[in-house]
Amino acid sequence: FFIYIEILVYFVISAYHPDSKRDDDEHVSLISTLGDVISRAPKDAIIVSGEDINSQLGRNILIDNEDSSLHSKITGPFSHHIHPNDSGMPVARHATAHNLTSAASWFQKRRYDTHFCHLTKTYLQLDRVFVSSSAQKTVVSCARGKQLTHSDHLPVYITLRVTKYIPRKHENFKKRRRHFHR
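Rules behind the numbers
Residues numbered from 1 in each chain as written. Predicted model: local features only at pLDDT ≥ 70, side-chain atom pairs only at ≥ 80, totals over all residues. Heavy atoms only, no water. Axes fitted to C-alpha atoms, helices over the stretch in contact; angles between N-to-C directions. Helix = DSSP H or I, 4+ residues; strand = E, 2+ residues; numbered from the N terminus. Parallel < 35°, antiparallel > 145°, perpendicular 65-115°, else oblique. Left-handed = near helix turned anticlockwise from the far one by under 90°. Contact = heavy atoms within 4.5 Å. Nonpolar A, V, L, I, M, F, W, Y, C, P; charged D, E, K, R; others polar. Phe/Tyr/Trp six-rings, centres within 6.5 Å; stacked < 30°, edge-to-face > 60°. Buried < 20%, exposed > 50% of the residue type's maximum accessible area, 1.4 Å probe, protein only. Lys NZ or Arg CZ within 6 Å of the ring centre and 35° of its normal.

Asker: Can you help me understand the packing of helix H1 (residues 24–39) against helix H2 (residues 88–97) in this one?
Answerer: Geometrically, a packed helix pair is captured by the angle between its two axes and the distance between the axes. Two elements in contact, H1 and H2, have axes separated by 11 Å at closest approach and are oriented at 15 degrees. By the criterion of interaxial angle, the relationship of H1 to H2 is roughly parallel. Relative to H2, the crossing made by H1 is right-handed. Of H2, the residues touching H1 (which contributes Ile 31, Leu 34, Gly 35 and Ile 38) are Pro 90, Val 91 and His 94. Classifying every residue of the contact of H1 with H2 by side-chain character gives five nonpolar, two polar and no charged.

Following this line, the structure appears as structure tokens:
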């Protein structure tokens, strides 16, 4: 018997972007460093990057990908912000260059904000989980969580499907296995 097992490889990143008060050099440096980190990922890896981007991305952001003639849609139809701000555009270009998409923007939720700004008394969506665009369909859910610590940020949870087939409630999983070769 030969058993075929598909191994899924995830490359997980956690990043904190400089806030808008920092100079452009710090933003460019972080984006460059993130690009270097992503380039070290195995070719078959699914990128999962949790980031406090300290900027607004908006909804339905479509940017031309420099590497191909295709467009890259980095955000879906749902977000707290309608349009990106100035500091959000470098993040959008970075996501496009590395074929990443913002996971939470593809799911309709009641609220998307992940940060409360005490100065302006406004809610913002600053925390994002990006995944490889090719793995977008493996994202089952992505949403903000409840406050865990004394922070002005909320956690963002992502649920990924790690199997090609999930059996129905009353179905026997062993009957559906088709990866055995004799």
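Asker: What am I meant to see in the packing of aromatic side chains here?
Answerer: The geometry of an aromatic ring pair is captured by two quantities: the separation of the ring centres and the angle between the planes. Scanning the model with the defined rule gives one aromatic pair in all. An angle of 50 degrees between the planes, with centres 4.9 Å apart, marks the rings of Phe 116 and Tyr 123 as tilted. Among the residues examined, Tyr 123 registers a relative accessible area of 42% and is labelled partly exposed. A cation over an aromatic ring shows up here: Arg 111 above the ring of Tyr 123, its NZ or CZ 4.9 Å from the ring centre.

Asker: Even after reading the chapter, I still don't get unusual backbone geometry, so can you show me in this structure?
Answerer: In most cases, non-glycine residues show a negative phi, while peptide bonds are predominantly trans. Residues other than glycine seldom take positive phi values, yet Asn 99 does so here, at roughly 55 degrees. Among the secondary structure elements, Asn 99 is positioned in the loop between H2 and strand S6 (100–102). Under the relative-accessibility criterion, Asn 99 is labelled partly exposed at 40%. Even without being a glycine, Lys 121 presents a positive backbone phi close to 55 degrees. One can find Lys 121 in the loop between strand S7 (115–117) and strand S8 (122–124). According to the relative accessible area criterion, Lys 121 is exposed, its value standing at 57%.

So yeah, pure geometry; function would need other evidence.
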